[in-house]
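# Commentary on secondary and tertiary structure
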Amino acid sequence: MTRPIVIVPGREAPRRWLVTGAGGMLGTDLVALLKAEPAAQVTALTRAELDVTDASAVAAAVAGHDIVVNAAAWTDVDGAETHEAQATAVNGGGVSSLASACAATGARLLTVSTDYVFDGKGEAPYGEYAATDPINAYGRSKLVGERAVLAVLPETGYVVRTAWLYGAHGPNFVRTMLRLAGERETLDVVDDQIGQPTWTGALAGQLIALAQASQAPAGIYHGTASGQTSWFGLARAAFEEAGLDPERVRPTTSDKFVRPAERPKYSVLGHDRWAEAGLPELGDWRGMLAASGVATAGQVG
């Protein structure tokens, strides 16, 4: 199932789109949706085709486009702990170059950020204007990019924070759990990290709808599914969707899986600003998982 592109009344759909990071899990879904829209002219550039840390290459790529959707990112959270400068060059400097190029041409920029800009110590959903306080290098690198967009493009820059992404076109938690189901009788999965599993297909549709919304104010939006669960809950739901026994998934705690980068314990985001854009927020995570089809045995490699 694919989320349809929403054409918002009162605005002709932008015709010239640039998608960076087009070979990734989210980028692939973005390009597929845009190419299905007759009015869209799409330039899709993978990481190999556009290095966002090269400011001159970024300027040349942005020229001639109305909308830039940035899905390029350093996504190795643990690797960022020992390579923070490199992660920041992509997630911070690269986004800054995109913002400057868009400012020069008048293009809108939508860039994808993360729940990791928060410390994860909250007990209620983080609003779009909540104070940021990243607890790892990856979160710090993404925050640099956010600030650049908001400073350089106060009227035409959009930061869409997301989290816990899964999809059909890349490695992710859901596919990993189902692969491991074929190798192990039981799986121990952490139950003390809470978030909002989000399908890249649904997020791609939401990003496109935001880009086309005539009255959408610039700034920060939260592009995550509604509701919440733990990694343990997501794993059990994936087993259920795949027709496997969810009792094979057992709860455990984060201290049993020590990793280089600290993870936020609570990553639930609020979605109030979608109403300002005249758009509905994304649906519940459980229904989204079922609709995505990602957790079916035939789609798991």
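Under an unreviewed UniProt entry, the name given to the protein is dTDP-4-dehydrorhamnose reductase, and the organism recorded is Catenulispora acidiphila. One UniProt comment on the protein, placed under Sequence similarities (unreviewed entry), says "Belongs to the dTDP-4-dehydrorhamnose reductase family." Quoted verbatim from the Function (unreviewed entry) heading of the UniProt record, the comment on the protein is "Catalyzes the reduction of dTDP-6-deoxy-L-lyxo-4-hexulose to yield dTDP-L-rhamnose."

### Observations regarding empty space enclosed by the protein
Evaluation of the coordinates by the stated rule reveals one cavity of 30 Å³ or more. Its volume calculated, the largest cavity comes out at about 40 Å³. For the largest cavity, the full set of lining residues is N91, V95, T111, V112, S113, K142, G145 and E146. Each residue belonging to the lining of the largest cavity can be placed in one class, and the counts come to two nonpolar, four polar and two charged.

### Observations regarding helix α2 (residues 55-62)
Considered for burial, the residues of α2 that qualify are V58, A61 and V62. Along the axis of α2, the buried positions cluster into a sector of 95 degrees, meaning they face one direction only. For α2, the exposed residues set more than 90 degrees away from the buried face come down to S56 and A60. Looking at the buried positions of α2, the neighbouring elements they touch are β1 (16-20), β2 (41-45), β3 (67-70) and α4 (84-105).

### Concerning the pattern of salt bridges
Applying the stated criterion across every chain, the model contains 13 salt bridges. With a shortest N-O distance of 2.6 Å, D78 and R263 are connected by a salt bridge. Pair noted here: D78 is in helix α3 (residues 77-82) and R263 is in the loop between β12 (249-252) and α9 (273-277), with a separation of 185 residues, a long-range link. By the burial criterion, D78 is buried, and R263 matches it. Two residues, D192 and K265, come together in a salt bridge whose shortest N-O distance is 3.3 Å. Placement of the pair is D192 in the loop between β7 (187-190) and β8 (194-195) and K265 in the loop between β12 and α9, with a sequence separation of 73 residues.

### Quick word on the sheet that holds β3
The parallel open sheet is built from six strands, whose spatial order is β2-β1-β3-β4-β5-β10. Strands at the two margins of the open sheet, each flanked by one partner only, are β2 and β10 (219-222). For this sheet, the mean inter-axis angle between neighbouring strands, taken without regard to orientation, is 20 degrees. Here α4 sits on the sheet in contact with β1, β3 and β4 (108-114), set at roughly 165 degrees to β4. On top of the sheet, helix α5 (residues 137-152) reaches β4, β5 (157-162) and β10; it is set at about 160 degrees to β4, its chief contact.

Scoring rules and cut-offs
- Residues numbered from 1 in each chain as written.
- Predicted model: local features only at pLDDT ≥ 70, side-chain atom pairs only at ≥ 80, totals over all residues.
- Heavy atoms only, no water.
- UniProt positions renumbered as here; feature names shortened; annotations may be inferred.
- 1 Å grid on protein atoms, 1.4 Å probe; cavity = no way out; pocket = protein on both sides within 12 Å on 5 of 7 lines; lining within 4 Å.
- Points joined across faces, edges and corners; volume = space filled by probe spheres on them.
- Nonpolar A, V, L, I, M, F, W, Y, C, P; charged D, E, K, R; others polar.
- Buried < 20%, exposed > 50% of the residue type's maximum accessible area, 1.4 Å probe, protein only.
- Helix = DSSP H or I, 4+ residues; strand = E, 2+ residues; numbered from the N terminus.
- Arc of directions from axis to C-beta.
- Contact = heavy atoms within 4.5 Å.
- Salt bridge = Lys/Arg side-chain N within 4 Å of Asp/Glu carboxyl O.
- Pairing = 2+ DSSP bridges.
- Axes fitted to C-alpha atoms, helices over the stretch in contact; angles between N-to-C directions.

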